[in-house]
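# Inside the fold
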Amino acid sequence: MIDLKILQHDAEPVIKRYGDRNPAHMAAVQNFAALDADYRKLLTETETLRAERKTVSGQIGKARAEKGPEAAAEIMAKANELKAKLAEKET
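Below you will find a few notes about this structure. (Residues numbered from 1 in each chain as written. Predicted model: local features only at pLDDT ≥ 70, side-chain atom pairs only at ≥ 80, totals over all residues. Heavy atoms only, no water.)

Here we take up the overall build of the protein. Across its full length, the protein holds four helices and zero strands. The order of helices and strands in the protein, counted from the N terminus, is α-α-α-α. Rg of the C-alpha trace for the protein: 22 Å, well past the compact-globule value of 12 Å for 91 residues, more than 25% over. Referenced to the eigenvectors of the C-alpha coordinate spread, the extents of the protein come out at roughly 70 × 20 × 15 Å. Seen as two clouds, the 16 positive and the 15 negative side-chain charges of the protein have centres 3 Å apart. (Helix = DSSP H or I, 4+ residues; strand = E, 2+ residues; numbered from the N terminus. Rg over C-alpha atoms; globule rule 2.2 N^0.38 Å. Lys, Arg positive; Asp, Glu negative; His and termini not counted. Charge placed at Lys NZ, Arg CZ, Asp CG, Glu CD.)

Think of it this way: side chains of opposite charge can pair up when their charged atoms draw near. This structure, assessed with the given rule, holds six salt bridges. The shortest N-O distance in the salt bridge between Glu90 and Arg50 comes to 2.5 Å. In this pair, Glu90 sits in helix 4 (residues 69-90) while Arg50 sits in helix 3 (residues 23-67), placing the two residues 40 residues apart along the sequence. Residue Lys85 pairs with Glu81 through a salt bridge whose shortest N-O separation is 3.6 Å. Of this pair, Lys85 and Glu81 both sit in helix 4, four residues apart, which is roughly one turn of that helix. Lys85 sits in the partly exposed class, given a relative accessible area of 40%. A network of salt bridges, in which partner residues are shared, links Glu47, Arg50 and Glu90. (Salt bridge = Lys/Arg side-chain N within 4 Å of Asp/Glu carboxyl O. Buried < 20%, exposed > 50% of the residue type's maximum accessible area, 1.4 Å probe, protein only.)

Once that is clear, we can look at the environment of Tyr18. In this structure, Tyr18 sits in helix 2 (residues 11-21). For the pair Tyr18 and Glu52, spaced 34 residues apart in sequence, the C-alpha separation works out to 42 Å.

The next thing to look at is the nonpolar core. Judged by nonpolar contacts, Leu49, Val56, Ile60, Ala63, Ala72, Ile75, Ala79, Leu82 and Leu86 together constitute the single largest core of nine residues. For this core, the elements supplying multiple residues, two or more each, are helix 3 and helix 4. A per-element tally of this core places helix 4 first, with five residues. Core analysis: the next-biggest nonpolar cluster, separate from the first, contains six residues, Val14, Ile15, Tyr18 and Val29 among them. (Core = buried A, V, L, I, M, F, W, Y, C linked by side-chain atoms within 4.5 Å.)

Spelled out as structure tokens, the structure:
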């Protein structure tokens, strides 16, 4: 059994060892490492979008109170744009 933390942080030795035993295993480990890297990148992007959306959502109430509904409409448009981007990343 492969420890996922080792595979995530230093995949090359694991890939080499499994490749020496069976090339099919090497391909599977390489595939997993690539998929895991893609997943981590997507997770980071999603979390960044969520944080940005949360910040923008907080600004909507402040804009309504200070500047009126017109100012809030611009911020709401940005919040909707972030919501759409987030929905795209999550699917």
